[in-house]
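# Fold and contact review
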Amino acid sequence: MSLDDAFDFVDLESDDILENILHIEESSQKTSSLWNYVDCKSPAHLGVPVCKRCNYVFSIKSSNSTIEQHLLNKHNIIIPKVRKQTTLNFKCTDPWPAKEKLERDKAVVIWIIDNQQPFSVVENENFIEMMHIFDPCYKITDRHQIKEMIIDEFNERHSNIGYDLQKISSKVSFTADM
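Quick look at the structure, then. This is a predicted model, so every value here is computed, not measured. (Residues numbered from 1 in each chain as written. Predicted model: local features only at pLDDT ≥ 70, side-chain atom pairs only at ≥ 80, totals over all residues. Heavy atoms only, no water.)

Moving on, we come to the packing of aromatic side chains. Overall, the coordinates contain two aromatic pairs when judged by the stated rule. With a centroid separation of 5.0 Å and 80° between ring planes, the pair formed by Tyr56 and Phe58 is classed as edge-to-face. (Phe/Tyr/Trp six-rings, centres within 6.5 Å; stacked < 30°, edge-to-face > 60°.)

Put into structure tokens, the structure is as follows:
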């Protein structure tokens, strides 16, 4: 098959292709009110946005904000911003309030310290699954936050020991077996 035969085979002016292009344009979701001022079905510029007021032809890649700027600057038309809220179709579990989350975080920290677990245990899939089964609302902190919490726990206990030693009125003796 020659190149000329290939062009004869594909008829770019066929009604089927034109109908497909128009169908795609109709099915696309153009919800902004700016599309009341722009035409994408102009026979001269099919599929390309054209201003209905001044026949300015935008690029095929023009964004809504570009068209909005044109309408504002050239025609003093302000397009109101309309925000549609998305509704989620799954059960949403709200995280615990800060105080309750802190209690749970502290329990995880104490468990990690007591069992000499690595900080990365909180990123283990089985650990996360277990915690989710026990409490679906609890969002596990990452290993970096756990590390900081363990350091804070150490500093707190260290200062408590120092405070307790200062309260002792007699002498204290420490012994270490090596």
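What follows concerns a nonpolar patch on the surface. On the surface, Ile161, Leu165, Ile168, Val172 and Phe174 cluster together into a nonpolar patch covering about 480 Å² of accessible area. Accessibility expressed as a relative area gives 41% for Val172, which makes it partly exposed. (Patch = residues over 30% accessible without salt bridge, like charges linked within 9 Å, V, L, I, M, F, W, Y side chains within 5 Å. Areas by Shrake-Rupley, 256 points an atom, 1.4 Å probe, with all protein chains shown as cover. Salt bridge = Lys/Arg side-chain N within 4 Å of Asp/Glu carboxyl O. Buried < 20%, exposed > 50% of the residue type's maximum accessible area, 1.4 Å probe, protein only.)

With 17 residues, helix 4 (residues 98-114) ought to run about 24 Å at 1.5 Å a step, and its terminal C-alpha atoms sit 24 Å apart, in line with that. All of the buried residues along helix 4 are Asp105, Val108, Val109 and Ile112. Down the axis, helix 4 shows its buried residues gathered within 100° of arc, on one side only. Residues of helix 4 that are exposed and point over 90 degrees away from its buried face: Lys99 and Asp114. In this fold, the buried residues of helix 4 make contact with helix 5 (125-134) and helix 6 (143-167). Gln116 occupies a position one or two residues after helix 4 and carries a positive phi of about 50°. (Helix = DSSP H or I, 4+ residues; strand = E, 2+ residues; numbered from the N terminus. Expected span 1.5 Å × (residues − 1). Arc of directions from axis to C-beta. Contact = heavy atoms within 4.5 Å.)

Once that is clear, we can look at unusual backbone geometry. The phi angle at Asn55 is positive, at roughly 60°, despite the residue not being glycine. If you trace the backbone, Asn55 turns up in the loop between strand 2 (50-51) and helix 3 (64-75). Its identity as a non-glycine residue notwithstanding, Gln116 has a phi of 50°, on the positive side. Structurally, Gln116 is set in the loop between helix 4 and helix 5. What makes Gln116 exposed here is its relative accessible area of 74%.

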